[in-house]
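Each chain is listed here by its residues.
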Amino acid sequence: MVNIIKLRKGLDIKLKGTAQLKDVQVPAGDVFALCPADYHGVTPKVVVKEGDKVLAGDSLFVNKHFPSVGFASPVSGTVTAVVRGERRKVLAVKVQADSKVEYRDFGKKDPKGLSGEQVKEAILQAGLFGFINQLPYAISTNPDTTPRAIFVSAFRDMPLASNFLYELKGNEDAFQAGVTALSRMAKVYVGINEAEESALGSLNNAEVTMFKGKCPAGNVGVQINNIAPVNKNEVVWTVSPTVVIFIGRLFLTGKVDLRHKVALAGSEVLDPAYSEVLVGQDIQTILKGRIKTEGVRIINGNPLTGVKVEGEAFVGPQVSEVTVIPEGNHADEMLGWIMPRFNQFSVSRTYFSWLFGGKKEYVCDARIKGGERHMIMSGEYDKVLPMDIYGEYLIKAIITEDIDKQEALGIYEVSPEDFAVAEFVCSSKLELQKIVREGLDILRKENE
């Protein structure tokens, strides 16, 4: 039986350029890279050197503080570079791929017959454990943690987000195997939407909950808050549905197979669609010949939570879409804000676009349209944050570094992405996700 939770708060932002449910083949490219920045909370220690030969599944770097947590190469080939930045910070480990991928064989296993420790050991050996995150702190977890539960959100509702049901096609057995494996370590909760009930409502070894509501109902942090909130001294693991498939493939085939579908979406894309790529693939292989114009912003992720692409960028394990929107540097608006603006989205009735009743799709650019200013306590965050916390007061406590208030106001329950929609509507133009990320990092250091 599927549980149902209805959320009243939130905001759906409809943008032009949603990916069509079809595949476009793209070249794989020759060079792949893993970037430690994709795994927040990990201090990398590189365990390969230039010229080394690796197989798909061999670790390229490990977590310095937990050496058993490795990060698997997506391809076989030769290590060509360890890219470092300031103070020798590891930015990427690059591999020149072989023409045919050879896999490290970890052996097929039936997760039903394994203990939780045996499942954990298998995932550690294959270099996939670092793909699992945790609350509190919204970081890559470590094997010393004992989760109270494991949460998977199997739907995405951010603007231009990809459709997980389309990614799931052909991977149903792997997803079920991944859920079963995770269930050996802790109780698994899977969040779905109405469209996914027929495909995922009868999952075994998991408690399935259907969420009805507006964005960010698909955020795993929002789902945790509404199912079983995280208290101090508790840990829960969060796993993206794509990573569940990776884990399932490991047990079904004995190989680390990091193929998954990524949507290329946005108003500046010629043919918004899906492409099957590998983790670590150069994003330029997806973009080549498919962008309309210059003067665009390429985002590794969706427009609200993704990262602006500057220079080299590679597909991370949590990335399910690459989006392209106008930069907006050369926008010329006659009479500026005084115009009625039928073609621009607004959460208020300042623009006449509210007359379309939220059904119209918009072209939004990357302009902030205003400068940072004093924080206005207007309750605007709470209108779009479907969590049992006081969002504005929590942000103020983080800014003032009042750790006692942060704990009382629920900082252990949140991750930066939970504030993405609140950041979009923020009339003070504050970078809420950045503020929350910095607050969580400070709190983690204080508690270590």
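Up top is the structure.
What you are looking at is a predicted structure, and each value in this text was computed from that prediction instead of being measured.

Undergrad: What's the story with helix 3 (residues 172–183) in this structure? I'm lost.
TA: Look at helix 3: 17 Å from first C-alpha to last across 12 residues, which is about the 16 Å you get at 1.5 Å a residue. Most of helix 3 is tucked away: 9 of the 12 residues are buried. Inspection of helix 3 places Ala174, Phe175, Gln176, Ala177, Gly178, Val179, Thr180, Ala181 and Leu182 among the buried residues, and these make up the whole buried set. In the core, the buried residues of helix 3 are packed alongside helix 1 (116–125), strand 11 (150–153), helix 2 (164–168), strand 12 (188–192), helix 4 (197–200) and helix 6 (241–253).

Undergrad: Whenever I open this one, the pattern of salt bridges confuses me. Can you help?
TA: Note that side chains of opposite charge can pair when their charged atoms are close. This model, assessed by the stated rule, comprises 21 salt bridges. With a shortest N-O distance of 3.4 Å, Asp23 and Lys261 are connected by a salt bridge. Taken together, the residues span a long stretch of sequence, with Asp23 in the loop between strand 1 (3–6) and strand 2 (31–34) and Lys261 in strand 15 (residues 259–265) at a distance of 238 residues. Judged by relative accessible area, which is 43%, Asp23 ranks as partly exposed. Taking the shortest distance from any N to any O, the salt bridge between Glu312 and Lys94 comes out at 2.8 Å. Residue Glu312 is found in the loop between strand 18 (307–308) and strand 19 (321–326), and its partner Lys94 is found in strand 8 (residues 90–97); the two are separated by 218 residues along the sequence. Under the relative-accessibility criterion, Glu312 is labelled exposed at 55%. Residue classification places Lys94 among the buried residues on the basis of a relative accessible area of 14%. Taken together, the shared-partner salt bridges connect Arg249, Asp257, Arg259 and Glu276 into one network.

Undergrad: What exactly am I supposed to notice about the packing of helix 1 against helix 6 here?
TA: For any two helices packed against each other, the geometry is given by the interaxial angle and the distance between the axes. For the pair helix 1 and helix 6, interaxial distance at closest approach is 11 Å and the crossing angle is 100°. In this view, helix 1 runs roughly perpendicular relative to helix 6, as classed from their interaxial angle. Contacts between helix 1 and helix 6 involve Val119, Ala122 and Ile123 from the first element and Ile247, Leu250 and Phe251 from the second. In terms of residue class, the contact of helix 1 with helix 6 is made up of 6 nonpolar, no polar and no charged.

Undergrad: What is the right way to read the nonpolar core from this model?
TA: Generally speaking, a soluble globular protein has its nonpolar side chains buried in company with each other. The biggest cluster of nonpolar side chains holds 62 residues, and the ones touching the most others in it are Leu128, Phe175, Ile247 and Phe251. Element by element, the count of residues in this core is highest for helix 6, at 7 residues. Counting residues in hydrophobic clusters, the runner-up holds 57 residues, among them Ala138, Phe151, Cys215 and Ala420.

Undergrad: Looking at this structure, I do not really get a nonpolar patch on the surface. What am I missing?
TA: Taken together, the side chains of Met377, Tyr390 and Tyr393 make up a nonpolar region of the molecular surface, amounting to roughly 350 Å² of accessible area. Tracing the chain through its elements places Tyr393 in helix 9 (residues 391–399).

Undergrad: Would you mind showing me how to read helix 6 here?
TA: Because the α-helix completes a turn every 3.6 residues, residues three or four places apart line up on one side. For helix 6, with 13 residues, the first-to-last C-alpha span of 18 Å sits near the 18 Å given by 1.5 Å per residue. Every buried residue of helix 6 is accounted for by Pro241, Thr242, Val243, Val244, Ile245, Phe246, Ile247, Gly248, Arg249, Leu250 and Phe251. One or two steps after helix 6, the chain reaches Gly254, where phi turns positive at roughly 80°.

Undergrad: Is there a simple way to think about the side chain of Glu392 in this case?
TA: Residue position: Glu392 is located in helix 9. As a buried residue without a salt bridge, Glu392 has its nearest oppositely charged side chain in Lys396, at a separation of 8.4 Å. A distance of 3.2 Å separates the side chain of Glu392 from the backbone nitrogen of Glu380, its partner in a polar contact. Those residues in contact with Glu392, other than ones at most four positions away along the chain, are Met375, Ile376, Met377, Ser378, Gly379, Glu380, Tyr381 and Asp382.

Undergrad: What exactly am I supposed to notice about the environment of Ala92 here?
TA: Here Ala92 lies in strand 8. Judged by its relative accessible area of 5%, Ala92 is buried. Placed 215 residues apart in sequence, Ala92 and Val307 show a C-alpha to C-alpha distance of 16 Å. Every residue in contact with Ala92, bar those within four places of it in the chain, is listed here: Ala33, Leu34, Cys35, Pro36, Ala81, Val82 and Val83.

Undergrad: Mind showing me how you'd approach the packing of helix 3 against helix 6 here?
TA: Following both chains from N to C, one finds helix 3 and helix 6 inclined at 90°, their axes separated by 7 Å at the closest point. On the basis of the axis angle, helix 3 is roughly perpendicular to helix 6. In this structure, helix 3 contributes Asp173, Ala174, Phe175, Ala177, Gly178, Val179, Ala181 and Leu182 to the contact, and helix 6 contributes Pro241, Val244, Ile245, Ile247, Gly248, Arg249, Phe251 and Leu252. The residue makeup of the contact of helix 3 with helix 6, split by class, is 12 nonpolar, 2 polar and 2 charged.

The rules behind the values
- Residues numbered from 1 in each chain as written.
- Predicted model: local features only at pLDDT ≥ 70, side-chain atom pairs only at ≥ 80, totals over all residues.
- Heavy atoms only, no water.
- Helix = DSSP H or I, 4+ residues; strand = E, 2+ residues; numbered from the N terminus.
- Expected span 1.5 Å × (residues − 1).
- Buried < 20%, exposed > 50% of the residue type's maximum accessible area, 1.4 Å probe, protein only.
- Contact = heavy atoms within 4.5 Å.
- Salt bridge = Lys/Arg side-chain N within 4 Å of Asp/Glu carboxyl O.
- Axes fitted to C-alpha atoms, helices over the stretch in contact; angles between N-to-C directions.
- Parallel < 35°, antiparallel > 145°, perpendicular 65-115°, else oblique.
- Nonpolar A, V, L, I, M, F, W, Y, C, P; charged D, E, K, R; others polar.
- Core = buried A, V, L, I, M, F, W, Y, C linked by side-chain atoms within 4.5 Å.
- Patch = residues over 30% accessible without salt bridge, like charges linked within 9 Å, V, L, I, M, F, W, Y side chains within 5 Å.
- Areas by Shrake-Rupley, 256 points an atom, 1.4 Å probe, with all protein chains shown as cover.
- Lys, Arg positive; Asp, Glu negative; His and termini not counted.
- Polar contact = N/O pair within 3.5 Å; in protein donor to acceptor, adjacent residues only side chain to side chain.

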